[in-house]
Amino acid sequence: VAMWIAVALLCCSALAGLPRAGGSCPSQCSCSFHSLSEGTKARTVLCNDPEMTLPPVNIPVDTAKLRIEKTAIRRVPGEAFHLLHNLEYLWMPYNSLASLNGITFKGLRRLQELRLDGNNLISFPWESLAGMPQLRLLDLHNNELTSIPPDAARYVKNITYLDLSSNKLMTLPQALIATWANLQAVPYFPNDNSKIILGLQDNPWVCDCSLYEMVHFLNFQSPNIAFIEPRLKCFTPRSLAGVFFSQVELRKCQSPVVHTSVAKVKTILGSTVLLRCGTTGVPIPELSWRRADGAQLNGTVHQEISSDGMSWSILGLPVVSYLDSGEYICKAKNFLGATEAFISLIITDSESTDDPNSNGKGTWNGKASGMEAAAYNDKLVARYVITTSTVPTLGDGAGTGDGLLLPDMAQDSNPQNLLVSPPTGQQEPERMVRSVRVIGDTDQSITLAWKAPMAKNTTVFSVLYAVFGERDMRRINVEPGKTKVTVYGLLPKTKYIVCVCVKGLIPRKEQCIIFSTDEVVSAGGTQKLINVVVISVACVIAVPLTLVVCCGALKRRCKKCFVRKPKEIQESYVTFESLSPGTKAKGVEGEYLTRHTPDESNRLLSARSSVDSEAIPKIEGQPNEYFC
């Protein structure tokens, strides 16, 4: 009997430490009941002892709402809530929690609200949300969260109230933004008009390209999204501190792209070589140089940023020797990735070379003439025109055109071998462009014209141009039907190459020309000088002739004014005769003539008498006719 009594006491003591339905509240906590819509009652447990350091372990299993507030709890054991299968509300605000384990919320499949605001959490086990399919509210306000992993987007699709405000978040993953933008979930609060509520304010947001998607999401939010505070502000960089998201314009992040002016440089021993490497990307990539063989660089590096936003790195190699020959690697890197480009440097002891770029600068000294100059220009054009079926690679352009990167071609001593045969991948319509010419304008712009007799009104032409010696060509698309375009933004006294072709095709050699902006300006100045000379000569010849004519006319006018006729001549007007073709009067033989006075003559010239003049004395009833 004593043994059975001892066993019973041990069992009772063991069961006393387990949670149980209908059991008493744990110490340091208070319990209450509230009625549910079904007529049943739900238990609420409130623990707010400031000296509590661990959650209670004997919480009744029928608890529906657990509130642990304003305590000194720093961690939650993994098994603390495993038996609370009926728990729907778990509120643990304003404690001292620094971290949470992924198994802390295991078994809480009926949980609807999880409030953890006012703690010191630096991270949250987002994967644990998969075990809480009915969770609708997650409050992480006023914690120490610094980032949210991209995988969190998989677990927040059912949450309709998420408060991440007053943390240390600097950006949000794009996957999470995309999830919110496409989310069509049922709202947690019935009177919220099907809106999902987000709290993102009071975080140190870094307004760079990584925040592009978020800014776009806030400025063009979907109608089913509502923000606790929609006017978010930038924290960094300093130039944008305090600026609202609606007032900033950010660029989308882009991986780095490397551009090199040449792929091979051939120079003589003892010369100075400059290797240039440019890059584009957002944010601006960092450029670095190294040798492929691992040898130490024998030069200096200079960094600069051009007006179009491209970052350049120039490696200067003074007094090169044979040891400097080899492959040089230019590397561009930002947080999205890295890209490399190779430049081969060949050192020779002679200036004679078949490579037109032997001086490493790609410029022409202008001393060749005749067939030599023509062949040299053919080779220059051949560097930019692809004579195989290779398709050019399009890159991001700047300004008014798009970048076109044309791969290097094998150098051939005979340019005709490169340029005679058309590309096998191009069709006949490319030949419709001919007679490409430059019309002089200014030292910073040129007007380009060409003929296209076979083109239709819908044909679109592309103009490709680049600074001579560079591989990065820019593209301008001309409006359909036009055969003339003006290119702006050119550099003064700079040599360029420009090609015209049908959009989408590769230009041929005869569709490209090489020009220099100083030559265009000189041509324009010469034309102006010719115009001035012609106008001056015309003035020298025309002005004396005009003066002679005017003087002659003035002289004749003066004579009319100062030379007067006699008065009797002025007063006499004209002598009128009366000629009668009728019968002769008696006593008069021959033709009858009568001479009248000037007064009669004046009467005959009056407006009336000149038409229906009254008859003077008639002779035998026959009318008289008067002649002047």
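Residues numbered from 1 in each chain as written. Predicted model: local features only at pLDDT ≥ 70, side-chain atom pairs only at ≥ 80, totals over all residues. Heavy atoms only, no water.

Here is the UniProt Function (unreviewed entry) comment for the chain, exactly as written: "Photoreceptor synaptic protein essential for normal vision. Involved in synapse formation in cone photoreceptor cells." (UniProt positions renumbered as here; feature names shortened; annotations may be inferred.)

(A) Region of interest: the overall build of the chain. When you go through the chain residue by residue, the secondary structure sums to nine helices and 29 strands. Of all 628 residues assigned to the chain, the portion counted as buried reaches 38%. A separation of at least 24 residues holds for 58% of the contacts in the chain among residues at least 6 apart in sequence. About 36000 Å² of surface is accessible on the chain, with carbon and sulfur atoms providing 55% of the total. (Helix = DSSP H or I, 4+ residues; strand = E, 2+ residues; numbered from the N terminus. Buried < 20%, exposed > 50% of the residue type's maximum accessible area, 1.4 Å probe, protein only. Contact = heavy atoms within 4.5 Å. Areas by Shrake-Rupley, 256 points an atom, 1.4 Å probe, with all protein chains shown as cover.)

(B) Representation of the packing of aromatic side chains within the structure. A complete count under the given rule lists five aromatic pairs for this structure. Between Phe217 and Phe227 the ring centres are 5.9 Å apart and the planes differ by 70°, which places this aromatic pair in the edge-to-face class. Here the residue Phe217 occupies a position in helix H3 (residues 212–219), and Phe227 occupies one in strand E9 (residues 225–227), the gap between them amounting to ten residues. Judged by relative accessible area, Phe227 falls into the buried class, the value being 12%. Between the aromatic rings of Tyr496 and Phe515, the centroid separation amounts to 5.7 Å while the plane-to-plane angle is 15°, which identifies the pairing as stacked. With Tyr496 in strand E25 (residues 495–502) and Phe515 in strand E26 (residues 512–516), this residue pair connects regions lying 19 residues apart in the sequence. Accessibility classification places Tyr496 together with Phe515 in one group, the buried group. Each member of the aromatic cluster is reached from another via a ring pair, and the members are Trp180, Phe217 and Phe227. (Phe/Tyr/Trp six-rings, centres within 6.5 Å; stacked < 30°, edge-to-face > 60°.)

(C) Main features of the state of the cysteines. This model, assessed by the stated rule, comprises five disulfides. Each sulfur in the disulfide pair Cys207 and Cys234 lies 1.8 Å from the other. Around the S-S axis, the bridge from Cys207 to Cys234 shows a dihedral of about -95° and counts as left-handed. Placement of Cys207 in the loop between strand E8 (196–199) and H3 and of Cys234 in the loop between E9 and strand E10 (254–260) is noted, with a sequence separation of 27 residues between them. Cys234 matches Cys207 in its accessibility class, with the two residues each being buried. Not part of a disulfide, Cys551 finds its nearest cysteine sulfur in Cys550, a span of 6.9 Å. (Disulfide = S-S within 2.5 Å.)

(D) Broad picture of the sheet that holds E10. Taken in spatial order, the four strands of this open sheet run E10-E12-E15-E14, and their pairing is antiparallel. Where the open sheet ends on each side, the last strands, each with one partner, are E10 and strand E14 (300–305). The average angle at which neighbouring strand axes cross in this sheet is 20°, direction not considered. Strand direction decides the pairing type here: E14 and strand E15 (residues 311–317), joined by six bridges, are antiparallel. Bridging across to E15, Glu304 finds its partner in Trp312. (Pairing = 2+ DSSP bridges. Axes fitted to C-alpha atoms, helices over the stretch in contact; angles between N-to-C directions.)

(E) Structural context of unusual backbone geometry. At the junction of Thr236 and Pro237, the peptide bond is cis and its omega measures out at 0° in the coordinates. Topologically, Pro237 is positioned in the loop between E9 and E10. A cis amide bond links Val282 to the next residue, Pro283, at an omega of -5°. Along the chain, the position of Pro283 falls in the loop between strand E12 (273–282) and strand E13 (286–291). Notably, Asn142 is not glycine yet its phi reads approximately 60°, a positive angle. For Ser435, which is not glycine, the phi torsion reads 55° and is therefore positive.

(F) Geometry of the confidence of the model for the chain. Looking at the chain, pLDDT values average 74 and 68% of them are 70 or higher. Across residues 12–21 the pLDDT falls below 50, and counting only partners more than four positions away or on other chains, this stretch makes ten contacts in the model. Taken together, the stretch residues 385–428 has pLDDT below 50 and engages in 88 contacts with residues farther than four places along the chain or on a different chain. (pLDDT = per-residue confidence, 0-100.)

(G) Highlighting the pairing of strand E21 (residues 445–451). Most of E21 sits out of view: six of its seven residues are buried. Here E21 runs beside strand E24 (residues 484–488); their pairing, made up of five bridges, is antiparallel. By the bridge assignment, Thr447 is partnered in E24 with Thr486.

(H) Structural detail: helix H2 (residues 174–181). Of all the residues in H2, the buried ones are Leu176, Ile177, Thr179 and Trp180. The buried residues of H2 occupy an angular sector of 160° when the element is viewed end-on, so they sit on one face. On its buried face, H2 sits against strand E7 (161–163), E8, H3 and E9. (Arc of directions from axis to C-beta.)

(I) Geometry of the side chain of Ser462. With respect to the element layout, Ser462 can be found in strand E22 (residues 461–467). Judged by relative accessible area, which is 3%, Ser462 ranks as buried. Side chain to side chain, Ser462 and Asn477 meet in a polar contact 3.0 Å long. When residues no more than four places from it in sequence are discounted, the contact partners of Ser462 are Arg475, Ile476, Asn477, Cys499, Val500, Cys501 and Lys503. (Polar contact = N/O pair within 3.5 Å; in protein donor to acceptor, adjacent residues only side chain to side chain.)

(J) Broad picture of a nonpolar patch on the surface. Where nonpolar side chains cluster on the molecular surface, the patch consists of Leu529, Val533, Val537, Val540, Ile541 and Leu545 and spans about 580 Å² of accessible area. In this fold, Ile541 is placed in helix H6 (residues 517–562). Overall, Ile541 belongs to the exposed group, its relative accessible area being 52%. (Patch = residues over 30% accessible without salt bridge, like charges linked within 9 Å, V, L, I, M, F, W, Y side chains within 5 Å. Salt bridge = Lys/Arg side-chain N within 4 Å of Asp/Glu carboxyl O.)

(K) Structural detail: the pattern of salt bridges. Tallying each qualifying case throughout the model produces ten salt bridges. Salt-bridge contacts for Arg110 lead to Glu88; the nearest nitrogen and oxygen are separated by 3.4 Å. Here Arg110 is found in the loop between strand E4 (89–91) and strand E5 (113–115), whereas its partner Glu88 is found in the loop between strand E3 (63–68) and E4, with 22 residues between them in sequence. Overall, the relative accessible area of 37% leaves Arg110 in the partly exposed class. Looking at Glu88, the relative accessible area reads 18%, which means it is buried. Here the salt bridges share partners, and the residues they tie into one network are Glu113, Arg115 and Asp139.

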